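One-letter residues, chain by chain:
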Amino acid sequence: MLVVDDDPTVAEVVTGYLERAGYAVDGAADGPAALARAVAHRPDLVVLDLMLPGMDGLEVCRRLRESGPVPVVMLTARGDEDDRILGLEVGADDYVTKPFSPRELVLRVESVLRRARPAVPRGPLGAAGLTVDATARRAAKNGTDLALTLREFDLLAFFLRHPGRAFGREELMREVWGWDFGDLSTVTVHVRRLRGKIEDDPASPRLIRTVWGVGYRFDPAGEDPKDAGNANPRTGASPGTDMNPGTGASPGTDMKLGTGANPAAGADPAVGAKAGEGAEPAAGTKPAEHGKERG
């Protein structure tokens, strides 16, 4: 586990909670140091602060993903929704907004790691020129490999396993992300990203279709949206316009990020954006050493 944060208080708290959960943790205070440590010892997951001195977290995330798949949970104190969405779009698998509950962060980390573990072996999936091999973690379109993030891969595999069935974003978050809570705009962003990689024309998607008032449906027949007879009865808009199901908002403005329920509200001190914001763990508390270490 690699924790990258220039705030020593935040880094100490995050490291302590992860070690208590049984993980071996390395640390870095800036982007170049983080990349060097990742090259020396490939981490199983990176907890990455967005606002780092010099090279910011977005660039660090891009470079980490260029060298190979590695799950990333991003920490952000920025109030701009676009910055947090950009973090997901450059490859982060999840994000936590400061101030945050350390226990919530650990739950997020464990959820991402569960999704990253190899799936139970099953036969390859395929439809509409798309193939997914869950065992090899390989996806392709018409024989050409697709560069998918962890969540994009899982989302595509889920759609291929359930062709023709409409799913709400809450269902997708529960089934693909493994969360019973969280910001639904995460699903919207990942659907948009996945469309950009598998659709011939992402602006008029034929495979991942918007079902008004419900969510999304994978249509392996790839019917032209203009001929589908499934336009929004109120606006006449085609499903391919990719507005937010149920709200009419575009994906880029869908809900306020970082407002998901905190499963440990009131149970833990919040870790602030910078040192001094939010309570710190009790002085002198040392992370308990127990459980098998996982790197």
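See above for the structure.
These remarks concern the structure in this document. Predicted model, so just to flag it, every value in this text is computed and none were measured.

Before going further, it helps to spend a moment on the sheet that holds strand 9 (residues 144–145). With antiparallel pairing, the four strands of this open sheet are ordered in space as 6-7-8-9. Two strands in the sheet have a free side with no partner beyond their single neighbour: strand 6 (125–127) and strand 9. Examined bridge by bridge, strand 8 (residues 138–141) and strand 9 share two bridges and lie antiparallel to one another. Bridge pairing links Lys141 to Thr144 in strand 9. Helix 6 (residues 150–161) contacts strand 6, strand 7 (130–133) and strand 8 of the sheet and is inclined by roughly 110 degrees relative to strand 7.

The next point concerns the packing of helix 7 (residues 169–177) against helix 8 (residues 185–198). The geometry of helix 7 relative to helix 8 is characterised by a closest axis approach of 9 Å and an angle of 80 degrees between their N-to-C directions. The angle between helix 7 and helix 8 places the two elements in the roughly perpendicular class. Taking contact as the criterion, the partners of Arg169, Leu172, Met173 and Trp177 in helix 7 are, on helix 8, Ser185, Thr186, Val187, Thr188 and His190. Of the residues belonging to the contact of helix 7 with helix 8, the class tally is four nonpolar, four polar and one charged.

Right, let's get into the pattern of salt bridges. Evaluated as defined, the whole model comprises 14 salt bridges. The partner of Lys98 in a salt bridge is Asp5, with the nearest N and O atoms 3.0 Å apart. Of this pair, Lys98 sits in the loop between strand 5 (94–97) and helix 5 (102–116) while Asp5 is found in the loop between strand 1 (2–4) and helix 1 (8–20), placing the two residues 93 residues apart along the sequence. Under the relative-accessibility criterion, Asp5 is labelled buried at 3%. Among the ionic pairs, Arg108 bridges to Glu104, the shortest N-O distance being 3.3 Å. Within this pair, Arg108 and its partner Glu104 are both found in helix 5, separated by four residues, close to a single helical turn. For Arg108, a relative accessible area of 6% gives the class buried.

Each value, and the rule that gives it
- Residues numbered from 1 in each chain as written.
- Predicted model: local features only at pLDDT ≥ 70, side-chain atom pairs only at ≥ 80, totals over all residues.
- Heavy atoms only, no water.
- Pairing = 2+ DSSP bridges.
- Helix = DSSP H or I, 4+ residues; strand = E, 2+ residues; numbered from the N terminus.
- Contact = heavy atoms within 4.5 Å.
- Axes fitted to C-alpha atoms, helices over the stretch in contact; angles between N-to-C directions.
- Parallel < 35°, antiparallel > 145°, perpendicular 65-115°, else oblique.
- Nonpolar A, V, L, I, M, F, W, Y, C, P; charged D, E, K, R; others polar.
- Salt bridge = Lys/Arg side-chain N within 4 Å of Asp/Glu carboxyl O.
- Buried < 20%, exposed > 50% of the residue type's maximum accessible area, 1.4 Å probe, protein only.

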